[in-house]
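A structural walkthrough
Here are the chains, one letter per residue:
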Amino acid sequence: MTARLDLPVGADALAAARQVVHSALVAWGFEHLEDVADAVLVADELVANAVRHGGGCLSLHLHAHGDEVTVCAVDGSAVVPRQREPDNDGGRGLRIIEALSQAWGVEDLPDGGKRVWVRLVGSR
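Predicted model only: the values in this text are computed from it and were never measured.

Here we take up the environment of Ala 13. Relative to the helices and strands, Ala 13 is located in helix α1 (residues 12-27). Setting aside residues up to four positions removed in sequence, Ala 13 forms contacts with Leu 7, Pro 8, Val 47 and Val 51.

A few words now on the sheet that holds strand β1 (residues 2-7). Here 5 strands make up an open sheet; going across it, the order is β1-β2-β3-β5-β4 and the pairing antiparallel. Each end of this open sheet is capped by a strand with a single partner; those strands are β1 and β4 (103-108). Taken pair by pair, the neighbouring strands of this sheet meet at an average axis angle of 15 degrees, ignoring direction. Examined bridge by bridge, strand β2 (residues 58-65) and strand β3 (residues 68-75) share 7 bridges and lie antiparallel to one another. The residue bridging His 61 from the neighbouring strand is Cys 72, located in β3. The sheet strands contacting helix α2 (residues 33-53) are β1, β2, β3 and β5 (114-121), and the helix crosses β3 at an angle near 15 degrees.

Rules of the game
Residues numbered from 1 in each chain as written. Predicted model: local features only at pLDDT ≥ 70, side-chain atom pairs only at ≥ 80, totals over all residues. Heavy atoms only, no water. Helix = DSSP H or I, 4+ residues; strand = E, 2+ residues; numbered from the N terminus. Contact = heavy atoms within 4.5 Å. Pairing = 2+ DSSP bridges. Axes fitted to C-alpha atoms, helices over the stretch in contact; angles between N-to-C directions.

And the structure:
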């Protein structure tokens, strides 16, 4: 199952991403609150990074196959996310993603943007 959402630029993108991920996973049978909450948190972190550091159009892609869920954020920037020391301005997002996920990565897109993906394993 797949869902794709073009996101508004700015803070509204975060609320839209959280709502779509929660609604889609529940509709797809992911009923364990912890699994859904983890995916919502990952989507929130991905989209927050895309809004803050990315550029151009933003979109969120969600894919489920069996018990595996992949959450992707697409933006127009070629800058690859990197871990940094946490401070008052952030620096915790990738640490959260790594703690919750099976794997994550970045794919360059032909138009100069990137797709940041996170793979989670849940249960139905």
